Protein chains: 2
Amino acid sequence: MRVLGVDPGLTRCGLGVVDSSRPGTASLVDVGVLRTPADADIGLRLHGIERGVEEWLDRHNPDAVAVERVFAQANVRTVMGTAQAGAVAIACAARRGLPVALHTPSEVKAAVTGSGRADKAQVTTMVTRLLRLDARPTPADAADALALAICHLWRGAALARMAAAQAGLRTGAGR
Amino acid sequence: MRVLGVDPGLTRCGLGVVDSSRPGTASLVDVGVLRTPADADIGLRLHGIERGVEEWLDRHNPDAVAVERVFAQANVRTVMGTAQAGAVAIACAARRGLPVALHTPSEVKAAVTGSGRADKAQVTTMVTRLLRLDARPTPADAADALALAICHLWRGAALARMAAAQAGLRTGAGR
């Protein structure tokens, strides 16, 4: 299964594509960052992000898209940009009928480090290790996009296992 | 000049199209509300709004799109939905090369009532009066979308007049 992770932002939008066949395994397909100029019109910025996401979807053909879910942040201006860029990425995926999942920063941290309160450096360290990369991905937005993709691949598998186990209990197969 | 006003929201997204040739005049072209089910996937909701906005752009062919600018609200969840729906509408306009303008709620209120602190009922009353409608537009999101369009038409004209007056002063034409 292949997942595109999106760490949304207007100034820097992190994109990371990861393949995984089972939890504990993951391999890098591509990673990068879309940038739009801070002084550009909001329409041009969102359209630039849209074109970039479309290009990545065309190029890598993922099975699902995982986007960071933002609940609250200190800076309302930052939240707005994150929400706007994320919405454009979600709409790109939905237009193709691709499943979209939102994961909170703490879910992502827990998936790759084991702790929902890990710091950014720890997340980058684990992403580098899990994908067996020669160098730490930069900027942080790129590493976060990869962590989101890994989170989605492994969480999805864990949820599917739990659902299967519960189905087994219900049909008596677990006895 | 024709403007599509968008009062963005995931549950209700107000759309209003207004024509105006000069400040003080305005005529209704169309008004309505896009709705998406609260229990639907965020991807489907944003895609639904995108399809609706595209349909209105195709049908009415506006010269510009005006979207409400949100700075801060008490409820972060509401802000997120507003930002997401607004981003999709902005991207639709930008994809066609249409100019997009953002106006704050107080700019909109000031444009149609003369006061930036007017309440919703007063805005609806003035929209009904300015467009010479037989009935008050409902829901409030529809009235707000019309107020946004009127604000954009009249503010744009006022700004253009000021720019022309300043150019006149600079060239000495005003003496």
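For clarity, every value in this text was computed on a predicted model and none was experimentally measured. (Residues numbered from 1 in each chain as written. Chains lettered and ligands numbered in written order. Predicted model: local features only at pLDDT ≥ 70, side-chain atom pairs only at ≥ 80, totals over all residues. Heavy atoms only, no water.)

(A) Spotlight on the overall build of chain A. Helix and strand counts for chain A come out as 5 helices and 5 strands. The C-alpha radius of gyration of chain A comes to 17 Å, within 12% of the 16 Å expected for a compact globule of 175 residues. C-alpha atoms of chain A, sized along the principal axes, occupy 65 × 35 × 35 Å. Burial status across chain A gives 51% buried among its 175 residues. Expressed as a percentage of contacts within chain A between residues at least 6 apart in sequence, the contacts between residues at least 24 apart total 64%. Approximately 8300 Å² of chain A is accessible, and the part contributed by carbon and sulfur atoms is 52%. (Helix = DSSP H or I, 4+ residues; strand = E, 2+ residues; numbered from the N terminus. Rg over C-alpha atoms; globule rule 2.2 N^0.38 Å. Buried < 20%, exposed > 50% of the residue type's maximum accessible area, 1.4 Å probe, protein only. Contact = heavy atoms within 4.5 Å. Areas by Shrake-Rupley, 256 points an atom, 1.4 Å probe, with all protein chains shown as cover.)

(B) Region of the structure containing the sheet that holds strand S3 (residues 27-35) of chain A. Residue and element names in this part refer to chain A. One open sheet holds the 5 strands; their spatial order is S3-S2-S1-S4-S5, and the pairing between them is mixed. Two strands close off the open sheet at either side, each with one partner strand: S3 and strand S5 (100-103). Each adjacent strand pair in this sheet contributes to an overall mean axis angle of 20 degrees, direction not counted. Sheet topology places strand S1 (residues 2-7) next to strand S2 (residues 12-19); 6 bridges connect them, and they run antiparallel. Within the sheet, the bridge partner assigned to Gly5 lies in S2 and is Gly16. (Pairing = 2+ DSSP bridges. Axes fitted to C-alpha atoms, helices over the stretch in contact; angles between N-to-C directions.)

(C) Examining the sheet that holds strand S5 (residues 100-103) of chain B more closely. Residues and elements named next belong to chain B. Taken in spatial order, the 5 strands make up an open sheet running S3-S2-S1-S4-S5, and their pairing is mixed. In this open sheet, the two edge strands, each paired with only one partner strand, are strand S3 (27-35) and S5. When the angles between neighbouring strand axes are averaged without regard to direction, this sheet yields 20 degrees. Helix H1 (residues 42-60) rests against strand S1 (2-7), strand S2 (12-19), S3 and strand S4 (64-68) of the sheet, and its axis sits at about 165 degrees to S3.

(D) Region of interest: the pairing of strand S4 (residues 64-68) of chain A. All names here are of chain A. Counting buried residues in S4 gives 4 out of 5 residues, a clear majority hidden from the surface. Across 4 bridges, S4 lies against S5 in parallel orientation. Its bridge partner lying in S5, Val65 is registered against Val100.

(E) Inspection of the interface of chain B and chain A at higher detail. At the junction of the two partners, chain B supplies 23 residues and chain A supplies 24 residues. Carbon and sulfur atoms make up 73% of the area that chain B and chain A hide from each other, which totals about 1900 Å². Counting the contacts that link chain B with chain A gives 2 salt bridges. Across the pair Arg95 of chain A and Glu50 of chain B runs a salt bridge whose closest N-O atoms are separated by 2.7 Å. In this assembly, chain B and chain A are joined by 2 residue pairs in polar contact (both at pLDDT 80 or more). (Buried area = accessible area lost by both parts, 1.4 Å probe. Salt bridge = Lys/Arg side-chain N within 4 Å of Asp/Glu carboxyl O. Polar contact = N/O pair within 3.5 Å; in protein donor to acceptor, adjacent residues only side chain to side chain.)

(F) Region of the structure containing the relation of the copies chain B and chain A. When chain B is fitted to chain A, the residual RMSD is 0.0 Å, and the transformation amounts to a turn of 180 degrees plus an axial shift of 0.0 Å. Between the two chains, the operation in question is that of a two-fold axis. The rotation axis passes nearest to the C-alpha of Gln84 of chain B in chain B, at a distance of 2.6 Å. Comparing contact sets, 100% of the residues at the interface of chain B also lie at the interface in chain A, consistent with an isologous, same-surface contact. (Least-squares fit on C-alpha atoms with pLDDT ≥ 70 in both.)

(G) Spatial organisation of the packing of helix H3 (residues 105-113) of chain B against helix H4 (residues 120-130) of chain B. Residues and elements named next belong to chain B. Between H3 and H4, the shortest axis-to-axis distance is 9 Å and the interhelical angle comes to 50 degrees. With respect to their mutual orientation, H3 and H4 come out oblique. For the pair H3 and H4, the crossing hand works out as left-handed. For the pair H3 and H4, the contacting residues are Lys109, Val112 and Thr113 in the first and Gln122, Val123, Met126 and Leu130 in the second. A per-class count over the contact of H3 with H4 returns 4 nonpolar, 2 polar and 1 charged. (Parallel < 35°, antiparallel > 145°, perpendicular 65-115°, else oblique. Left-handed = near helix turned anticlockwise from the far one by under 90°. Nonpolar A, V, L, I, M, F, W, Y, C, P; charged D, E, K, R; others polar.)

(H) Just the pattern of salt bridges, in detail. Applying the stated criterion across every chain yields a total of 22 salt bridges over all chains. Taken together, the shared-partner salt bridges in this structure form one network comprising Glu50, Glu54, Asp58, Arg95 and Arg96 of chain A together with Glu50, Glu54, Asp58, Arg95 and Arg96 of chain B.

(I) Structural detail: H4 of chain B. Within H4 of chain B, burial applies to Val123, Thr124, Met126, Val127, Thr128 and Leu130 of chain B. Positive phi appears at Arg132 of chain B, one or two residues downstream of H4 of chain B, with a value of about 55 degrees.

(J) Region of the structure containing the side chain of Arg45 of chain B. Residue and element names in this part refer to chain B. Mapping Arg45 onto the fold places it in helix H1. Asp39 provides the closest opposite charge to the buried, salt-bridge-free Arg45, at an N-O distance of 7.2 Å. Within the local environment of Arg45, its side chain forms a polar contact with the backbone oxygen of Pro37, the two atoms lying 3.1 Å apart. Sequence-distant contacts of Arg45, that is, excluding residues within four places in its chain, are made with Leu10, Thr11, Thr36, Pro37, Ala38 and Ala40. (Lys, Arg positive; Asp, Glu negative; His and termini not counted.)

That is the geometry; function is a separate question.
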